[in-house]
Amino acid sequence: MKVLVAGGAGFIGSTVASALVDAGHVPVVLDSLVTGRREFTEGRIFYEGDIRDGDLVDRVFAEHGDIAAVVHCAALIVVPDSVADPIGYYDANVVASLEFVRHLVRNGCTRMVFSSSASIYKTAYKPGGDLTVDESSPLDPQSPYARTKAVCEGMFADIATAEPLRILSLRYFNPIGADPQLRTGLQQRHPSHALGKMIQAWESGEPFQITGVDWPTRDGSGVRDYIHVWDLAAAHLAALERFDAILPAGAGSTAINLGTGTGTTVRELVAAFNQVADMPIKVVETEPRPGDVAGAYTQSDRAARLLGWKPQLSIADGIADSLKWVRVRDTRLTS
Ligand SMILES: NC(=O)c1ccc[n+]([C@@H]2O[C@H](COP(=O)([O-])OP(=O)(O)OC[C@H]3O[C@@H](n4cnc5c(N)ncnc54)[C@H](O)[C@@H]3O)[C@@H](O)[C@H]2O)c1
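Keep in mind it's a predicted model, so treat the numbers as computed, not measured. (Residues numbered from 1 in each chain as written. Predicted model: local features only at pLDDT ≥ 70, side-chain atom pairs only at ≥ 80, totals over all residues. Heavy atoms only, no water.)

Along the backbone of the chain there are 11 helices and 15 strands. For a compact globule of 335 residues, the expected C-alpha radius of gyration is about 20 Å, and the chain comes in at 19 Å, within 12% of that figure. Judged by the C-alpha coordinates and their principal axes, the chain covers about 55 × 50 × 40 Å. Classification of the 335 residues of the chain by burial places 53% in the buried group. When contacts within the chain are restricted to residue pairs at least 6 apart in sequence, long-range pairs at least 24 apart make up 79% of them. (Helix = DSSP H or I, 4+ residues; strand = E, 2+ residues; numbered from the N terminus. Rg over C-alpha atoms; globule rule 2.2 N^0.38 Å. Buried < 20%, exposed > 50% of the residue type's maximum accessible area, 1.4 Å probe, protein only. Contact = heavy atoms within 4.5 Å.)

With that settled, the discussion passes to the packing of aromatic side chains. Across all of its chains, the model carries 2 aromatic pairs by this definition. On the numbers, 4.9 Å between centres and 85° between planes, the contact of Phe114 with Phe156 is edge-to-face. Here Phe114 is found in strand β5 (residues 111-117), whereas its partner Phe156 is found in helix α5 (residues 144-162), with 42 residues between them in sequence. (Phe/Tyr/Trp six-rings, centres within 6.5 Å; stacked < 30°, edge-to-face > 60°.)

What follows concerns the side chain of Arg329. Along the polypeptide, Arg329 turns up in helix α11 (residues 315-332). A polar atom in the side chain of Arg329 sits 2.9 Å from the backbone oxygen of Ser335. For Arg329, the contacting residues outside a window of four places in its chain are Arg37, Leu186, Gln187, Gln188, Arg189 and Ser335. (Polar contact = N/O pair within 3.5 Å; in protein donor to acceptor, adjacent residues only side chain to side chain.)

As a rule of thumb, nonpolar side chains are buried together in soluble globular proteins. Counting residues in each nonpolar core, the largest one holds 37 residues, and the members touching the most others are Leu168, Leu170, Leu258 and Leu307. If you list the elements that add at least two residues to this core, you get β1 (2-6), α1 (11-22), β4 (67-72), β7 (166-172), α7 (229-241), α8 (243-246), β12 (253-258) and α10 (301-307). Here this core takes 8 residues from α7, the largest share from any one element. In contact with Leu168, other than residues within four places in its own chain, are Met112, Val113, Phe114, Ala239, Phe243, Ile246, Leu247, Thr254 and Ile256. Core analysis: the second largest hydrophobic core is formed by 28 residues, Ile67, Ala74, Val94 and Leu165 among them. (Core = buried A, V, L, I, M, F, W, Y, C linked by side-chain atoms within 4.5 Å.)

In this section: the site of the ligand. Among the 27 residues in the neighbourhood of the ligand, the closest are listed as Ile12, Asp31, Tyr145, Lys149 and Gln187. Gly36 places a main-chain nitrogen or oxygen 2.9 Å from an oxygen atom of the ligand. Secondary-structure elements contributing two or more residues to the shell around the ligand are α1, β5 and α5. Among the elements that make up the shell around the ligand, the one with the highest residue count is β5 (3 residues). (Near = heavy atom within 4 Å.)

Okay, the pairing of β1 next. Of all 5 residues making up β1, 5 are buried, and the element is well covered by its neighbours. Alternating residues of β1 divide into Lys2, Leu4 and Ala6 and Val3 and Val5, and every residue in both groups is buried. Pairing geometry for β1 and strand β2 (residues 26-31), over 5 bridges, is parallel. What sits directly across from Val5, in β2, is Val29. Handedness of the β1-α1-β2 crossover: right-handed. Across 5 bridges, β1 lies against β4 in parallel orientation. The residue bridging Val3 from the neighbouring strand is Ala69, located in β4. (Pairing = 2+ DSSP bridges. Right-handed = clockwise from strand over helix to strand, strands pointing away.)

Right, here's the structure in full:
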C-alpha cells in the first residue's frame, strides 16, 4: 500500500514511515520541515512543502495515483508556544488541516488517519480517584494546542459525514523512545517531558525533581500514559491495514485511544530509568508546579478490539531506546 505521510519528517511521522517500509508498504512523505528533519526523509519519496499548498498536493497525487490512504501528523505541538501564539497555532493546526483536507477530497482521497491527542480529555472527573479515560470520556482541552486538536476532530467529523473521506483519529498519550533501529528519534536535544528531564539529570548529575507526591494516584506521584513510539507506529500500521473494516464506506469518522492501559507514575518511571541507565539518577521531592495535574491514562479496550493492537514494548524499552538515541542523535542530525 502507498501511504502519504504528512509530517513524515517529524518524530512520530518518520517512525510511522519506517514501520510502513518494514511492513512492505511505501510511504510518500510531505513535510515543510518547520520542525521536521531532512535527515529523517533519507531514502524515502519526499516532497518538501506545506500541506496547505494545493498545487503541491495535486502534484503528489498526480505522481502517485496509487496512494491508498493518508496519515496526517503535520502540526505544531509545543503547549507553551500555543499559549503565547494562539493565532499562529490555530492557523498552523486548524486552518492548514482544513486546507489539506480540501485538497485530499479534491484528489479523491477516501482514507485518513489523524494524529490526535489525549490532551483533549477532561481528566480526574470520575469519583473515587479513577484517573482513566476512554473514547467516550468528556472533552475539556486545557491549552490552545489541545483545543486545536479537538477542533480538528470536530471539523473532520463534519467533513467525513458529507464527503467520501473517512477519518480515523488516533488519540496518542505520551510517546517515548525512538525507532529501535535508531533510524529516527526525537529532534530536540532536551525534551521538556519527565523522561527528558530524567535524561538531563542523568547527564548532569543534578537531582531529578518529582513535582508533587500527594496526588490521588497509587504512589502519590503524577501519572502519565507513556507509550513507546514504535508501538504507536505499529498501531498506525494496524489502522491503515484494517481501515475499511473499522470505517466502511459511508461510516464517517471515529477515534481510538493509544496508550498502555495502566499508566506509569513518575516514581515508576524513575525506577524503570534506574533499572536501565548505567548510572542511577538522584531524586528530590518538591511541591507541584503551578498548572501540574494528577494526570490520566487510557482504558485501551477499543484499540485492542478494533486494531488488534496492544503495546509490545515496556516502559524500560522506551527509556533504553531514548537513551540509545541520545547517544547517536548528534551523529544522525547536523544541528
Ligand atoms: N509528541 C507528542 O507528545 C504527541 C502527543 C500526542 C499527539 N501528537 C501529535 O502527533 C503529531 C506528530 O507529532 P510529533 O511529536 O511527531 O511532532 P513533530 O514536530 O516532530 O512533527 C510534526 C511534523 O509536521 C511537520 N509540519 C508541521 N506543520 C506542517 C505543515 N503545515 N505542512 C507540512 N508539514 C508540517 C513538521 O515539519 C514536522 O516534521 C502532531 O499532530 C501532534 O499533535 C504528538
